[in-house]
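Take a look at the letters that make up each chain.
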Amino acid sequence: MAKDSFLVGLIGAGIGPSLSPALHEREADRQGLRCLYRLIDIDVLGVRPEAVGELVRAARDLGFDGLNITHPCKQLVIEHLDALAPQAEALGAVNTVVFEDGRTTGHNTDVTGFAASFARGLPDVPLERIVQLGAGGAGAAVAHAMLTLGAGRVTVVDALADRAADLAAALNRHLGAGRAAAATPDRLPGLLADADGIVHATPTGMAAHPGLPFPAELLRPGLWVAEVVYRPLETELLRTARAVGCATLDGGGMAVFRAVDAFRLFTGREPDAVRMLADIAELAGVVAAPK
């Protein structure tokens, strides 16, 4: 008999505003399933990120079907899992854990989520020279996604030079030598002058971190801009880029398509991505249409 009731959750810090519970529960309701999605906020619990292993074990023992994992636990959780899907292993980060027969398997739907969103929202843009701002957990995922989509070369820019260099080295190791490079922010003017597009993967633009991640004058018509931030959906970067004449992609699609993939892993059912895109438009504000 097919299972029709699911208990899942999200482990991370400061996750109160997350839209994951609503996205999963709404889609489950439409499919005639019962889904209870719990937030397991380490800030609220007063525990350190290193406690993620204990939390995963507790969730498994309590009968959870799976968990999403977010900052700052995506790397820390790996040593506590029984197995990794190939993409999570290559990335060195997990954002989805599935419990099955007492075993824990880590997946990464950030990569597939961003790739699906980009292919849908900016399907025909040039991909020869891409600049990516941010080399953290989200940055690693979207850089992998861009190279998987066929990008010629991704230059990763981060204020932490070692972090950018480590990500570029990992990308070259897994996806082909010479396809990634690292740079510091002082090189942005020259890099953007020669780029086809920029992927923004830092917290700048979120409600708690307003503003632009780099000077507005570095934007120009013909440069496409893809955003990872989805709260708010329309960041200052996207507003400024559209005003200049850039094609843009907001972060809502990545949030939805990674939830689509996680829903499938948790339930074995095929979610309706179009309905879930409408959900996020309602939950987070009107999605800015790609131009």
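Residues numbered from 1 in each chain as written. Predicted model: local features only at pLDDT ≥ 70, side-chain atom pairs only at ≥ 80, totals over all residues. Heavy atoms only, no water.

Here we look at the sheet that holds strand β12 (residues 248–249)
Neighbouring strands of a sheet are bound in pairs by backbone hydrogen bonds; such pairs are parallel or else antiparallel.
So, step 1. A sheet is described by the order of its strands in space; here six strands give the open sequence β9-β8-β7-β10-β11-β12, paired in parallel fashion. The sheet is open, and its two borders are formed by β9 (180–183) and β12, each paired with just one other strand.
So, step 2. In the sheet, strand β7 (residues 129–133) pairs with strand β8 (residues 153–157) via five bridges, with the strands oriented parallel. Bridging across to β8, leucine 133 finds its partner in valine 157. (Pairing = 2+ DSSP bridges. Helix = DSSP H or I, 4+ residues; strand = E, 2+ residues; numbered from the N terminus.)

Remarks on the pattern of salt bridges
So, step 1. Under the defined criterion, the tally for this structure stands at 18 salt bridges.
So, step 2. When the shortest N-O distance is used, the salt bridge between arginine 26 and glutamate 282 registers 3.2 Å. One end of the pair, arginine 26, is in helix α1 (residues 20–30); the other, glutamate 282, is in helix α11 (residues 273–284), and 256 residues separate them in sequence.
So, step 3. Given the relative accessible area of 26%, arginine 26 is considered partly exposed.
So, step 4. On the basis of relative accessibility, which here comes to 58%, the residue glutamate 282 falls in the exposed class. (Salt bridge = Lys/Arg side-chain N within 4 Å of Asp/Glu carboxyl O. Buried < 20%, exposed > 50% of the residue type's maximum accessible area, 1.4 Å probe, protein only.)

Quick look at the packing of α1 against α11
So, step 1. Where α1 contacts α11, the two axes come as close as 10 Å, and the packing angle between them is 135°. Of the possible angle classes, the one that applies to α1 and α11 is oblique. At the point where α1 passes α11, the crossing takes the right-handed sense. On α11, the residues touching Ala22, Leu23, Arg26, Glu27 and Arg30 of α1 are Arg275, Met276, Asp279, Ile280, Glu282 and Leu283.
So, step 2. Each residue belonging to the contact of α1 with α11 can be placed in one class, and the counts come to five nonpolar, no polar and six charged. (Axes fitted to C-alpha atoms, helices over the stretch in contact; angles between N-to-C directions. Parallel < 35°, antiparallel > 145°, perpendicular 65-115°, else oblique. Left-handed = near helix turned anticlockwise from the far one by under 90°. Contact = heavy atoms within 4.5 Å. Nonpolar A, V, L, I, M, F, W, Y, C, P; charged D, E, K, R; others polar.)

Focus: unusual backbone geometry
So, step 1. The omega angle of the peptide bond from histidine 71 to proline 72 is 5°, so this bond is cis rather than trans.
So, step 2. Structurally, the position occupied by proline 72 is in the loop between β3 (66–69) and β4 (83–84).
So, step 3. Following arginine 231, the chain continues into proline 232 via a peptide bond in cis, with omega recorded as 5°.
So, step 4. Following the sequence through the fold, proline 232 ends up in the loop between β11 (224–227) and α9 (236–244).
So, step 5. With phi around 55°, aspartate 101 is a residue other than glycine that occupies positive phi space.
So, step 6. Looking at the element boundaries, aspartate 101 is found in the loop between β5 (96–100) and β6 (103–107).

A word on the pairing of β3
So, step 1. Of the two faces of β3, the one lined by Gly66 and Asn68 and the one lined by Leu67 and Ile69 are each fully buried.
So, step 2. As paired elements, strand β1 (residues 5–12) and β3 share four bridges and run parallel to each other. Paired with glycine 9 across the bridge in β3 is leucine 67.
So, step 3. Examined bridge by bridge, β3 and β5 share three bridges and lie antiparallel to one another. Paired with leucine 67 across the two strands is valine 97, which belongs to β5.

Examining the packing of aromatic side chains
So, step 1. The full count for this structure, using the stated rule, is two aromatic pairs.
So, step 2. Relative to phenylalanine 118, the ring of phenylalanine 114 lies with its centre 6.0 Å away and its plane at 35°, an arrangement referred to as tilted. Within this pair, phenylalanine 114 and its partner phenylalanine 118 are both found in helix α5 (residues 109–121), separated by four residues, close to a single helical turn. Neither phenylalanine 114 nor phenylalanine 118 differs from the other in exposure class; each is buried. (Phe/Tyr/Trp six-rings, centres within 6.5 Å; stacked < 30°, edge-to-face > 60°.)

As for helix α10 (residues 252–267)
So, step 1. Relative to the 22 Å expected for 16 residues at 1.5 Å per residue, α10 spans 22 Å between its end C-alpha atoms, a close match to the ideal helical length.
So, step 2. Buried residues dominate α10, accounting for 13 of its 16 residues.
So, step 3. Within two residues after α10, glycine 268 carries a phi angle of roughly 75°, on the positive side. (Expected span 1.5 Å × (residues − 1).)

Focus on the packing of α5 against α10
Packed helix pairs are specified by the crossing angle of their axes together with the interaxial distance, meaning the distance between the axes.
So, step 1. Contact geometry for α5 and α10: axes closest at 7 Å, N-to-C directions at 130°. It follows from the interaxial angle that α5 and α10 lie oblique. Of the two elements, α5 crosses α10, and the hand of that crossing is right-handed. In contact with Thr109, Asp110, Thr112, Gly113, Phe114, Ala116, Ser117 and Arg120 of α5, α10 contributes Gly253, Met254, Phe257, Arg258, Asp261, Ala262 and Leu265.
So, step 2. Broken down by class, the residue content of the contact of α5 with α10 amounts to six nonpolar, five polar and four charged.

Observations concerning the confidence of the model for the protein
So, step 1. Scored by pLDDT, the protein has a mean of 94; 97% of the residues are at 70 or more.
So, step 2. Scored below 50 in pLDDT, residues 287–291 shows 13 contacts in the model against residues more than four places distant or in partner chains. (pLDDT = per-residue confidence, 0-100.)

Describing the environment of arginine 30
So, step 1. Residue position: arginine 30 is located in helix α1.
So, step 2. Along the backbone, arginine 30 and aspartate 272 are 242 residues apart, and their C-alpha atoms lie at a distance of 9.5 Å.
So, step 3. Contacts of arginine 30, omitting those with residues within four sequence positions, involve Arg275, Met276 and Asp279.

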